[in-house]
Amino acid sequence: MKRDVKLSSLIDKAVFDYHLIEKNDRILIGASGGKDSTALIKYFADRSLRPDCGFEYKALNIQSDFSPEFPSGILQLFNEWKVPYETLPVNILERVKEGQKMSCWWCSTQRRTELLNYALEHGYNKIALGHHMDDILETFLMNMLNKGELAAMPPLLKYDNYPVSVIRPLCYVSEARLIAEAEKGGYAGFTCTCNYQDNSTRKAARAKLEELTGGDNLCKERMLRALKNVQERYLL
């Protein structure tokens, strides 16, 4: 399969701009089986073949008690790409407290906790997540409109209490580009199909983002650029 050079270039630029991959890094990648994390893992597989690699990586799937099995087609691709891979079964439903509602947010939080615990236990200093440009801008709108704060998803986030950082190498990549990449690569179509989906807030933010930008990726790129071009003098 011929790779989209532009996609790789965008990820390379994010890696360079924010120092996301450095020599001697041990990086754990969250593998959901979806298009975003699969594209990210393919990038790591390709980059690991470069002469100046200098890092180790592993893909980890947190398999909850109610999520569908990891797609066999994705596993086949991982084998072809020689990706180090592991599945970690986790019972998330039993963690829901009395009176608490299972939701996408809760499930995501538990999965992130398991990634962090695994990283700490096995000596990984970075966790790579498949959040793309649209995810970041949607989160920005959600925080601004629902919480009254200017916050998003930083490409590099260092935990205060743990020797682990979260990196988002897809921060410059639009969802449209990832969809096209997944279609070319033959791994499009897998999404979460559990019975606890409740992401109406994000769907609303996605609709607002599309309305605001007209679906124009250049507009989205300018919005993303604005997040690191803050003119504090003209804010309250």
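See the structure printed just above.
All figures in this text were calculated on a predicted structure; none of them were measured in a lab. (Residues numbered from 1 in each chain as written. Predicted model: local features only at pLDDT ≥ 70, side-chain atom pairs only at ≥ 80, totals over all residues. Heavy atoms only, no water.)

Outline the overall build of the protein chain, supporting the account with residue identities and numerical values.
A tally of regular secondary structure across the protein chain gives eight helices and six strands. Scanning the protein chain from its N terminus toward the C terminus, one meets helices and strands in the order α-β-α-β-α-β-α-β-α-β-β-α-α-α. Expected size for 236 residues packed as a compact globule is a radius of gyration near 18 Å; at 18 Å, the protein chain falls within 12% of this value. Its C-alpha atoms give the protein chain principal-axis dimensions of about 50 × 50 × 40 Å. Here the protein chain, with 236 residues, has 45% of them falling under the buried criterion. Partitioning the intrachain contacts of the protein chain with sequence separation of at least 6 by distance along the chain shows that 76% fall at a separation of at least 24. With an accessible surface of roughly 13200 Å², the protein chain has 51% of that area assigned to carbon and sulfur atoms. A gap of 4 Å separates the mean positions of the 32 positive and 31 negative side-chain charges of the protein chain. (Helix = DSSP H or I, 4+ residues; strand = E, 2+ residues; numbered from the N terminus. Rg over C-alpha atoms; globule rule 2.2 N^0.38 Å. Buried < 20%, exposed > 50% of the residue type's maximum accessible area, 1.4 Å probe, protein only. Contact = heavy atoms within 4.5 Å. Areas by Shrake-Rupley, 256 points an atom, 1.4 Å probe, with all protein chains shown as cover. Lys, Arg positive; Asp, Glu negative; His and termini not counted. Charge placed at Lys NZ, Arg CZ, Asp CG, Glu CD.)

How would you sum up helix H5 (residues 133–147)? Please name residues and give values.
Counted at 1.5 Å a residue, the expected span for H5 with its 15 residues is 21 Å, and the 20 Å between its end C-alpha atoms agrees. For H5, the tally of buried residues reaches 11 of 15 residues, placing the bulk of the element in the interior. Every buried residue of H5 is listed here: Met-133, Asp-134, Asp-135, Ile-136, Leu-137, Glu-138, Thr-139, Phe-140, Leu-141, Met-142 and Asn-143. On its buried side, H5 packs onto helix H2 (35–47), helix H6 (175–185), helix H7 (200–213) and helix H8 (217–226). Of the residues flanking the end of H5, it is Gly-148, one or two places downstream, whose phi is positive at about 70°. (Expected span 1.5 Å × (residues − 1).)

Pulling in residues and values, what's your account of the environment of Asp-46?
Topologically, Asp-46 is positioned in helix H2. Since its relative accessible area comes to 27%, Asp-46 is described here as partly exposed. A distance of 2.7 Å separates polar atoms of two side chains, one belonging to Asp-46 and the other to Lys-42. (Polar contact = N/O pair within 3.5 Å; in protein donor to acceptor, adjacent residues only side chain to side chain.)

Lay out the nonpolar core with the relevant residues and their values.
Counting 44 residues, the largest nonpolar core has Ile-27, Ile-29, Phe-44, Tyr-57 and Val-83 as its most contacted members. At the level of elements, helix H1 (5–18), strand E1 (26–30), H2, strand E2 (56–64), helix H3 (72–81), H5, H6 and H8 are the ones that each hand at least two residues to this core. Ranked by the residues each element gives to this core, the list is headed by H2, at six residues. Residues within four places of Phe-44 in sequence aside, it is in contact with Ile-21, Ile-27, Ile-29, Phe-55, Tyr-57, Ala-128, Ile-167 and Pro-169. Counting residues in hydrophobic clusters, the runner-up holds 18 residues, among them Leu-28, Met-102, Cys-107 and Leu-129. (Core = buried A, V, L, I, M, F, W, Y, C linked by side-chain atoms within 4.5 Å.)

Break down a nonpolar patch on the surface for me, citing the residues and quoting the values.
On the surface, a nonpolar cluster with roughly 470 Å² of combined accessible area is contributed by Met-144, Leu-145, Leu-150, Val-230 and Leu-235. Look at Met-144 and you get partly exposed, because its relative accessible area is 32%. (Patch = residues over 30% accessible without salt bridge, like charges linked within 9 Å, V, L, I, M, F, W, Y side chains within 5 Å. Salt bridge = Lys/Arg side-chain N within 4 Å of Asp/Glu carboxyl O.)

Go over the packing of aromatic side chains, please, and point to the residues and values.
All told, the structure shown has 11 aromatic pairs when counted by the stated rule. Relative to Phe-78, the ring of Phe-70 has its centre 5.9 Å away and its plane inclined at 45°; by these criteria the two rings are tilted. Assigned by exposure class, Phe-70 and Phe-78 land together as buried. Aromatic rings pair up to connect Tyr-43, Phe-44, Phe-55 and Tyr-57 into one cluster. Residue placement shows Arg-26 over the ring face of Tyr-124; its charged tip is 4.3 Å from the ring centre. (Phe/Tyr/Trp six-rings, centres within 6.5 Å; stacked < 30°, edge-to-face > 60°. Lys NZ or Arg CZ within 6 Å of the ring centre and 35° of its normal.)

Please set out the pattern of salt bridges residue by residue, giving values where relevant.
According to the stated counting rule, one finds 16 salt bridges in the structure shown. Of the charged contacts in the structure, one is a salt bridge between Arg-95 and Glu-114, with a shortest N-O distance of 2.5 Å. Taken together, the residues Arg-95 in the loop between strand E3 (85–90) and helix H4 (104–122) and Glu-114 in helix H4 connect sequence positions 19 residues apart. For Arg-95, a relative accessible area of 27% gives the class partly exposed. Each of Asp-12, Arg-47 and Arg-50 takes part in one network of salt bridges that share partners.

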